[in-house]
Amino acid sequence: MSGDDLEFAPYLQSPVGAAIPHTATNLEPDLAPTFTLTGPRDRRLPVQGRGLRMLGPEGVVGLDTRHILRVEPVPGSTDVEPNYLPFVEFDLPELPWLFTPARAADGRLRPWLQLIVVEAAGHAVQPGNPLPFVDVEIGLLPPLDEAWQWAHIQRPAGQRGPMISRLLCPRRLQGGLDYLACLVPSFQGGVTAGLTGGFAEIDQPGDAWPFPGREVFRLPVYHSWGFRTGEEGDFEQLATAVVPLRPEEAGLLGGRTVDVTRPWLHGDPLASGDPAAGRQTITVQGVLTLFDPPPGTVTQAALDDFRSRVAAHIDRGTETELAPPLYGGHPVVARTVEPDAAGWLAELNLDPEYRIAAALGADWVRENQEFLMARAWDQLGAVREANRKLQETLFCTAVSDSLYRRHLQTLSPGELMAVAAPVGDRVRTDSGLPLRTEVAVSPAPTAIADSAYHRLLRRRGPLARRASLDGDSLARRTLTGALLPPLAVPLVTRPGTSPTVEVAAGDAFAERVDGALHSAATRHTTGMLRTMAAVAPAALANGFTDQAGAITALLAPTIGRMAGGPEGFAADSMTADDLLMSEQLFDAGTVEPLVGDLTGTTESLPDGFGMTLSAPFTVLAGQESMTDDPGSQLLQYGVPIDPDAYRDRLIGALDPTVLLAARLEDRITVTGESLVALPEQISDPVMVCPDFPAAMALAIKESEPDWFLPGIAAVPDDRAVLLKANGPFIAAFMVGANDELNREMRWREYPTDLRGSPFTHFWPRPDGLADIPPVHGWAPDGALGSHLALDANDLDVLLIRGRLVHRYPGMIVAAVPPAAVQDPLLAPDTWAAPVMVLPVDSRTCAYAFQLPPGQDIHDWWIVLAENGRRLRFGYDTAPGTGAGMKTWDDLNWERVLVGAFASLGRLPADPPASEQEHPRTDGRSWNSADVARVTLQRPFRLLRTARSLMGEAP
């Protein structure tokens, strides 16, 4: 909150206090009230009252702390800026002057209580009655004749309220000390009342201190708290002290030097190609790196030799021979890598710098493997139960398949129908019809699909022996139509319209008869449609393709109208399966309006229909079989079934492998979440991958801080440097961590196929989005680091180390585009806030920025701004700048310090030019509102070019 948002007033006194006739604080506050009596005929009589005594500080024996809104510094806080003034705020705006025994003079009024601050060592608050007390040396007590400066009223600018009052302590604090802040009375009457009780007679009214001959004063304490100061330096001083790394210091962040002259302990050194070459070293960068890191001394020939050797070692790896790991090989199903190969897999495994990064990720997983595996098992959840059911199903399938092959596949058609009869309504062959329905639309009697029929005619049963019946032969003959019943009823008869009944008005009986006739016609038509819907797929399954097509073509227009189409379906637009699926439309409500149309359609069958559709209530002429022309008699006797083909279809329908797999699929739902790929078959074990959304940047920062930013511990205080994210290092670290955890999960029999990516988050992004896609989906020809999502490779990172971060961890850091700098106000809505803030340690913090595409951080500006939520009063610690001040922000302790306390009892001799024309000081005395206005510490912000933070010329 800036000073322009606030207004200050020097005091607020009640009407009683303002009626005190004198301005001296060492006199008794006597009042002589005057009032006027008004009588008849508007007669007025002034009356002068007798002297009254105002209640002063001597009547106060305590202060309700609920009236205290806030104290600064916060009680118990440490590292407090010594250049700021402690203060206390009250909710009652008149409270500091409520018991002052005088009225104001020249806009100045002393408060009746005072805030003092003393060293905690040697100054303890001791219990007393009625108030606790503290003994304070006179040199630690502020001058009371200047107490009016440090009490004022505050309210929002341009508003009437809310108003609060505030007391400041003008003492200059020292750094690194424990302090005790106490609210004490500033008049002798308040001291006496707080130590002995209220309403005591005061021998000499006046100030609480000083007294001649006394060096230590015992003062009652209304309220107290403690705090500790830190080193000198407020935000302005510490922010301006931050400088870029010097050239000789930049080398500290140049990476870690690794000697690769002899990579294998007992192996030959790398072939450098230059006999005079010395040690072969590489410079390994960390998570963050300089924009222009220093190179190593390794030659290209040595790197080529390293690539060849590592590739050969990886290639020799077998199940029994130990070899260097191929990081990322399992996700992309690769076991080797060629020395001259391109792409991220070769770059990761054949470059020593990135193998080091991958090994760091693997090491971190090994150090935390117990914790990680415990969390992984917790995430497994229902997958364990699903895989248990899969194993049960596989076992049941093996047992059932053996029984199926030995006992079912050897049965004849008749025996197989006897076995399947109990489930005749559920077993469906490839015709789509249940066993019982397919038998019902065949020439065989329906009872052949019942268990009772087969029990009656079972082999070697009483009836079979007496009648010399062969059940299998009987089944074959009836299914094929070679044996027909003597008086057969047609399977399907065409519908007929109900006779018309003339219903006279009020003839209830005739209405019931007419309704019954219509219902009978509708039921008959519905039954015809259901039967023909079953006959068509049965005919198709048994080789009567033309007849199945003729039936669907006949009924297609009617089915289309039932489905809501005004013209119906085209004759060739339906199949037998479509007709069977349309059976759900056949109810009385949809069939009744179409009975007439169906009657006309079936009475005049189209040419080429090839089947006879009998009239209702017809009995077929007796014949022994339908073998002469079975296709024309399908709608009369049924669809002949080939027993052997039907047996094969029924055996396929009873296959336990298919049935158990279908049951398993119904019990287990496999989704794509946490899966690398869905199982190819439902019986395959479910392979999953746990998800660890924790930011791996925090893991490497805590476990290996030197790899987060090599050399960070050696950077001096008060330094800033602009860095960039090291995308290849990040990608290599993530692949190494994922690869090692997959190996550990396989070792512990976790259901995984080694292709998953448990770690996909590197940066602690507030939005929680992943930084890398799953490794198995990386393009094989892409460069290492090019697969990072959300431009995690393009982060620009500002690193600040020193006292500023330690004291102000919540400061505002932002990037400002060049165009916005031209605005004198530097509007905050043009700033680019960091996408994340990453504390490295208590004195170091990294601020990561994601600039718009095409923008270069070198052209931008960096702003460091103080968080303005805290309202503070005080003075700068920087030395004076000369005879004059440009603004009140230049006011420092050197200008105001008198002894151990600040003093602003008058307008300074060298005020800023703007103050000389300030309307609030024109023609009146300097007061506490002016003191508050110039003492208020406004939020500070510093603007610097990004180039300057990199050590370049702006």
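Further up the page is the structure itself.
Keep in mind the model is a prediction, meaning the values are calculated, not measured. Position numbers for residues count from 1 along each chain, tracking the sequence in the order it is written. Only residues with pLDDT of 70 or above have their local features reported here, since the model is predicted, and side-chain atom pairs are shown and tallied only from 80 upward, although totals for entire chains, interfaces and linings are computed over all residues. Heavy atoms from the whole structure form the basis of all side-chain values; hydrogens and water molecules are not counted.

Trainee: Explain the packing of aromatic side chains to me, and be specific about the residues and the numbers.
Mentor: Ring pairs are drawn from Phe, Tyr and Trp, using the six-membered ring of Trp, whenever the two centres fall within 6.5 Å, and their geometry is named by plane angle: stacked under 30 degrees, edge-to-face over 60, tilted for the rest. Evaluation of the coordinates by the stated rule reveals 18 aromatic pairs. Ring geometry for Tyr 179 versus Phe 227: centroids 5.9 Å apart, planes at 25°, classification stacked. With a gap of 48 residues between them, Tyr 179 in strand β12 (residues 178-185) and Phe 227 in strand β14 (residues 223-228) connect regions that are remote in the sequence. Accessible area is worked out with a 1.4 Å probe on protein chains only. A residue is then buried under 20% of its type maximum, exposed over 50%, and partly exposed in between. The buried category is assigned to Phe 227, whose relative accessible area is 3%. Connected via pairs of aromatic rings, a cluster forms that spans Phe 8, Phe 87 and Phe 873. The ring of Phe 87 carries the charged tip of Arg 166 above its face, separated from the ring centre by 5.3 Å. The aromatic ring of Trp 707 is capped on one face by Arg 256, whose charged end is 4.5 Å from the ring centroid. Strands are runs of DSSP state E lasting at least 2 residues, helices are runs of H or I lasting at least 4, and numbering of each runs from the N terminus. We call a charge positioned above a ring when the Lys NZ or Arg CZ atom is no farther than 6 Å from the ring centre and deviates by at most 35 degrees from the ring normal.

Trainee: Before we move on, could you go through the pattern of salt bridges and cite the residues and values that matter?
Mentor: Definition used for salt bridges: Asp or Glu carboxyl oxygen within 4 Å of a side-chain nitrogen of Lys or Arg. Here the structure, examined in full by the defined rule, presents 38 salt bridges. When the shortest N-O distance is used, the salt bridge between Glu 119 and Arg 171 registers 2.5 Å. On the criterion of sequence distance, the pair formed by Glu 119 in strand β8 (residues 113-119) and Arg 171 in the loop between β11 (164-168) and β12 is long-range, its members being 52 residues apart. Like Arg 171, Glu 119 is buried. For Arg 309, the salt bridge is made with Asp 305, and the minimal N-O distance between the two is 3.2 Å. Taken as a pair, Arg 309 and Asp 305 lie in helix α5 (residues 300-315) at a separation of four residues, close to a single helical turn.

Trainee: Can you explain helix α14 (residues 471-480)? Please cite residues and give values.
Mentor: Of all the positions in α14, only Asp 472, Leu 474, Ala 475, Thr 478 and Leu 479 are classed as buried. Angularly, the buried residues of α14 cover 160° about the axis, an arc narrow enough to put them on a single face. Any two residues whose heavy atoms approach within 4.5 Å are treated as being in contact. Among the structural elements, α10 (413-420) and α12 (451-456) are those in contact with the buried residues of α14. Following α14 by one or two positions, Gly 481 has its phi on the positive side, about 85°. By construction, the arc corresponds to the directions joining the helix axis to the C-beta atoms.

Trainee: Run through the sheet that holds strand β24 (residues 861-865), naming residues and quoting values.
Mentor: Working definition: the strands of a sheet are paired by backbone hydrogen bonds and lie parallel or antiparallel to each other. Two strands are counted as paired when DSSP detects at least two bridges linking them. Taken in spatial order, the three strands line up as β21-β24-β29 in an open sheet, and their pairing is antiparallel. Single-partner strands in this sheet number two, and they are β21 (812-816) and β29 (941-945). With direction set aside, neighbouring strand axes in the sheet form an average angle of 20°. One ladder, built from five bridges, connects β21 with β24; its direction is antiparallel. Counterpart to Val 813 in the pairing with β24 is Leu 864. Angular values range over 0 to 180 degrees, each being the angle between N-to-C directions of two axes fitted as lines to C-alpha atoms, with helices fitted over their stretch in contact.

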